[in-house]
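Tertiary structure, described
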Amino acid sequence: MSARAHAPSERDPAQQAAHFRHVLRLADTSLVLGQRLGEWVGHAPALEEDLGLANLALDLIGQARLLLTYAGELEGRGRDEDALAFLRDAPEFVNLTLAEQPNGDFGHTIVRQWLIDAWQLEIYQGLLGSADSRLGAIAAKALKETRYHHRFSSGWLIRLGDGTRESHDRVQAALDCLWRFSAELFCADEVDERMQAAAIAPALAELAPRWSARIDEDLAAATLTRPAAQPYPWHGRRGVHTEHLGHMLAEMQHLQRTYPGVRW
Amino acid sequence: MSEDWPLYEVFIRSRSGLEHKHVGSVHAADARMAIEHARDVYTRRQEGVSLWVVRSADIIASDPEEADALFEPARDKVYRHPTFYAIPEEVKNL
């Protein structure tokens, strides 16, 4: 099925480029976060959590595959999911900066996961009624997975926050450390505005208060303190990354880069 | 960490099954976590549509020492099996 059948109004190259970029951003956030979670395999605090984190990772990589394949079709340059995942350099990745942050301790991983789960809940919910029916269908599948992800991450946030003195202090420290990346979550640029105008994506400004209310509700249950708002110096969605992404990609892409075209 | 967590027994009802069957156990801090762990460990391949978990400590088991007294008496009562009846030809679905 051609991409054009789903988005009939895209005669305009700028609109098509924005559409590609929008789908690629969603894909990259899922891919990068999935890869990070995969780093826990064999290292989680308990066997059950090891499998739990791996399940989350596989859901996210599954989302990334659907989204990357679609992005490749929208781009129309013959790049498939593997070319997009394994043969792009860091400046070409357009994930949320938050997703690429290192795992840290378990509390750190949980805070990162929870902030993005709450974001994806709003994003995917908002995409259900998209004028782009294929994107809407991907969002519907991802939303079910994301509801479980949020149940998992908010459950752990509350356990750790409202747990022992040490677990509370550690998870609060993780929140204080990662909060500076949250400003990027709902910061709209020209791509977002074009997508909103075409009814392909929801208005980020309308999603932000709902995300914020969910965050406050979980933080209250976890007896954690919301850090003060901080200015927005992060631009992962525009391809400007922290140093961490390059190291992560070096590992993720090692095999394809060393043996181009190798198959399993 | 998991040594601090009590053990829960996990039961799954499969899509086509009518009853929950015991499949194994997980460690978890409480009931909610036990359900999540059971989901993550035992339903990765669509094994089921419903989960039960129960604290292993809450299961009352028969004593192996008493196995003879409990189960041996049934051994020589084969007439309890419904294998002594001639089934009429017309009955198809017994």
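Residues numbered from 1 in each chain as written. Chains lettered and ligands numbered in written order. Predicted model: local features only at pLDDT ≥ 70, side-chain atom pairs only at ≥ 80, totals over all residues. Heavy atoms only, no water.

A tally of helices and strands in chain A yields 11 helices and 0 strands. Walking chain A from its N terminus toward its C terminus, one meets helices and strands in the order α-α-α-α-α-α-α-α-α-α-α. Dimensions along the principal axes, computed over C-alpha positions, put chain A at roughly 60 × 45 × 30 Å. When burial is assessed residue by residue, chain A has 54% of its 264 residues classed as buried. Put simply, 80% of the contacts in chain A that link residues at least 6 apart link residues at least 24 apart. Carbon and sulfur atoms make up 56% of the accessible area of chain A, which totals about 11,500 Å². Across chain A, the 27 positively charged side chains and the 36 negatively charged ones have centroids separated by 4 Å. (Helix = DSSP H or I, 4+ residues; strand = E, 2+ residues; numbered from the N terminus. Buried < 20%, exposed > 50% of the residue type's maximum accessible area, 1.4 Å probe, protein only. Contact = heavy atoms within 4.5 Å. Areas by Shrake-Rupley, 256 points an atom, 1.4 Å probe, with all protein chains shown as cover. Lys, Arg positive; Asp, Glu negative; His and termini not counted. Charge placed at Lys NZ, Arg CZ, Asp CG, Glu CD.)

Let us now look at helix α5 (residues 106-127) of chain A. Residues and elements named next belong to chain A. Its 22 residues give α5 an end-to-end C-alpha distance of 31 Å, which sits within 8% of 32 Å, the value for a rise of 1.5 Å per residue. With 20 of 22 residues buried, α5 lies mostly within the body of the structure. Sitting at the amino-terminal end of α5 is D105, which places a side-chain oxygen 3.2 Å from the backbone nitrogen of G107. (Expected span 1.5 Å × (residues − 1). Polar contact = N/O pair within 3.5 Å; in protein donor to acceptor, adjacent residues only side chain to side chain.)

All names here are of chain B. Across the 7 residues that make up strand β1 (residues 7-13), a large majority, 5, are buried. Of the pairings in the sheet, the one linking β1 to strand β2 (residues 21-27) comprises 6 bridges and is antiparallel in character. Its bridge partner lying in β2, L7 is registered against H27. Bridge analysis of β1 against strand β3 (residues 50-55) gives 6 bridges, and the strand direction is antiparallel. The partner of V10 across the bridge, within β3, is V53. (Pairing = 2+ DSSP bridges.)

This part covers helix α1 (residues 31-42) of chain B. The terminal C-alpha atoms of α1 of chain B, which comprises 12 residues, lie 16 Å apart, in line with the 16 Å expected from a rise of 1.5 Å per residue. By the burial criterion, the buried members of α1 of chain B are M33, A34, E36, H37, A38, D40 and V41 of chain B. Here the buried face of α1 of chain B lies against α3 (47-75) and α6 (133-161) of chain A together with β1, β2 and β3 of chain B. For α1 of chain B, the N-terminal cap is D30 of chain B; the gap from its side-chain oxygen to the backbone nitrogen of R32 of chain B is 3.3 Å.

All names here are of chain A. The final tally for this structure, using the stated rule, is 26 salt bridges over all chains. In this structure, the salt-bridge partner of R25 is D192, at a minimum N-O distance of 3.7 Å. Pair noted here: R25 is in helix α2 (residues 13-38) and D192 is in helix α8 (residues 190-197), with a separation of 167 residues, a long-range link. A relative accessible area of 3% means that R25 is categorised as buried. Under the relative-accessibility criterion, D192 is labelled buried at 7%. Between D192 and R237 there is a salt bridge whose closest N-O contact spans 2.9 Å. (Salt bridge = Lys/Arg side-chain N within 4 Å of Asp/Glu carboxyl O.)

Now for the confidence of the model for chain A. Residues at a pLDDT of 70 or more form 96% of chain A, whose mean pLDDT is 94. Residue range residues 1-5 of chain A is modelled with pLDDT below 50. Its contacts to residues more than four positions away, or to other chains, number 9 contacts. (pLDDT = per-residue confidence, 0-100.)

The next point concerns the packing of α5 of chain A against helix α7 (residues 165-178) of chain A. Helix packing for two helices is described by the angle between their axes and how far apart those axes are. Residues and elements named next belong to chain A. One way to put it is that α5 packs onto α7 with a least axis distance of 8 Å and a crossing angle of 50 degrees. Comparing their axes, α7 and α5 come out oblique. Viewed along their axes, α5 and α7 form a crossing whose handedness is right-handed. Of the residues in α7, those touching α5 at G107, H108, V111, R112, W114 and L115 are V171, A174, L175, C177 and L178. For the contact of α5 with α7, a count of residues per class yields 8 nonpolar, 2 polar and 1 charged. (Axes fitted to C-alpha atoms, helices over the stretch in contact; angles between N-to-C directions. Parallel < 35°, antiparallel > 145°, perpendicular 65-115°, else oblique. Left-handed = near helix turned anticlockwise from the far one by under 90°. Nonpolar A, V, L, I, M, F, W, Y, C, P; charged D, E, K, R; others polar.)

With that settled, consider empty space enclosed by the protein. To find the voids left in a structure, one rolls a probe of water-molecule size over its atoms. Residue and element names in this part refer to chain A. In total, this model carries 2 cavities of 30 Å³ or more according to the counting rule given. Within this model, the largest cavity holds a volume of roughly 140 Å³. Contributing to the lining of the largest cavity are 14 residues, with H22, I123, D192, L204 and R237 lying nearest its centre. Residue assignment for the lining of the largest cavity shows that the elements contributing at least two residues are α2, α5 and α8. Among the elements that line the lining of the largest cavity, the one with the most residues is α2, at 4 residues. (1 Å grid on protein atoms, 1.4 Å probe; cavity = no way out; pocket = protein on both sides within 12 Å on 5 of 7 lines; lining within 4 Å. Points joined across faces, edges and corners; volume = space filled by probe spheres on them.)

Residue and element names in this part refer to chain A. Inspection of every chain in the model, using the stated rule, returns 5 aromatic pairs over all chains. Judged by centre distance (6.0 Å) and plane angle (25 degrees), the rings of W179 and W211 are stacked. Of the two residues, W179 sits in the loop between α7 and α8 while W211 sits in helix α9 (residues 204-221), which places them 32 residues apart along the sequence. Judged by its relative accessible area of 5%, W179 falls in the buried class. For W211, a relative accessible area of 4% gives the class buried. Above the face of the F93 ring, R88 is positioned so that its terminal group lies 4.1 Å from the ring centre. Of note, R159 hangs over the ring of W156, and the distance from its end group to the ring centre comes to 6.0 Å. (Phe/Tyr/Trp six-rings, centres within 6.5 Å; stacked < 30°, edge-to-face > 60°. Lys NZ or Arg CZ within 6 Å of the ring centre and 35° of its normal.)

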